[in-house]
Amino acid sequence: MERIGPPLTGDERETLRAFLDYHRATLAWKCEGLTDEELRRPSMPPSTLSLMGLVRHVGEVERHWFRRTVNGEELPHLWSDTHDFQAAYEASGATREEAFAAWEAEVAHARRIEAAAESLDVTAYVTSWKEEASLRLVMLHLIHEYARHNGHADLLRQAVDGATGA
């Protein structure tokens, strides 16, 4: 993924789309050049958080918010038979190939769904909130999710090989 900064004067939708893509690209960048073993390396006990686990988790998050929620698709979780979002973090047997393929496929679906939506005001029922939420809120939620996890990715990458940078 190419990492392009958001526009300084874009309209609301263009800006949200660009910030989300920027954060997606940041996570990919934090994983660049690492082996499967390095991507699976956990942070520090007792946490088992790893870069691979983060990639799997955000794939699950993209799938949930864009495909299940906004698009109303009936889909299973990627890595859990019990609808457990936390299962994606367990990446001890995962490979870069499967994790990134799943995540990139979900990002492609998300982009298609967002682009097809008439406006940011389109709403969808969020089961866990028992309320309608707009596409605008979904995009902001994903930006928040990536920004938070990219902070984790910074620390995880630094622990693997000392690489730092935003």
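Computed from a predicted structure; not experimentally measured. (Residues numbered from 1 in each chain as written. Predicted model: local features only at pLDDT ≥ 70, side-chain atom pairs only at ≥ 80, totals over all residues. Heavy atoms only, no water.)

1. As for the pairing of strand β2 (residues 131-134)
Examined bridge by bridge, strand β1 (residues 123-126) and β2 share four bridges and lie antiparallel to one another. Paired with T123 across the strands is S134, a residue of β2. Here β1 folds back onto β2, and the loop between the two strands holds four residues, one of which, K130, carries a positive phi near 55°. (Pairing = 2+ DSSP bridges. Helix = DSSP H or I, 4+ residues; strand = E, 2+ residues; numbered from the N terminus.)

2. Section: the environment of C31
Here C31 lies in helix α1 (residues 12-31). Separated by 21 residues in the primary sequence, C31 and M52 have C-alpha atoms spaced 8.2 Å apart. Dropping the residues within four chain positions of it, C31 is found in contact with L39, L51, V55, R96, F100 and R157. (Contact = heavy atoms within 4.5 Å.)

3. Examining the packing of aromatic side chains
Under the counting rule described, the total for this entry stands at two aromatic pairs. Their ring planes at 45° and their centres at 5.2 Å tell us that W65 and W129 sit as a pair that is tilted. Here W129 lies in the loop between β1 and β2 and W65 lies in helix α3 (residues 51-70), a separation of 64 residues in the sequence. A relative accessible area of 39% means that W129 is categorised as partly exposed. Here F100 and W103 contribute two aromatic rings whose centre-to-centre distance is 5.7 Å and whose plane-to-plane angle is 80°, an arrangement assigned as edge-to-face. (Phe/Tyr/Trp six-rings, centres within 6.5 Å; stacked < 30°, edge-to-face > 60°. Buried < 20%, exposed > 50% of the residue type's maximum accessible area, 1.4 Å probe, protein only.)

4. As for the environment of N150
Mapped onto the elements, N150 comes out in helix α5 (residues 135-161). According to the relative accessible area criterion, N150 is buried, its value standing at 5%. Residues N150 and A28, spaced 122 residues apart in sequence, show a C-alpha to C-alpha distance of 9.7 Å. Setting aside anything within four residues of it in sequence, one finds N150 in contact with H23, T26 and L27.

5. Quick notes on the side chain of R13
Counting through the fold element by element, R13 comes out in helix α1. For R13, a relative accessible area of 16% gives the class buried. A polar contact is formed between the side chain of R13 and the backbone oxygen of E114, at a distance of 2.2 Å. (Polar contact = N/O pair within 3.5 Å; in protein donor to acceptor, adjacent residues only side chain to side chain.)

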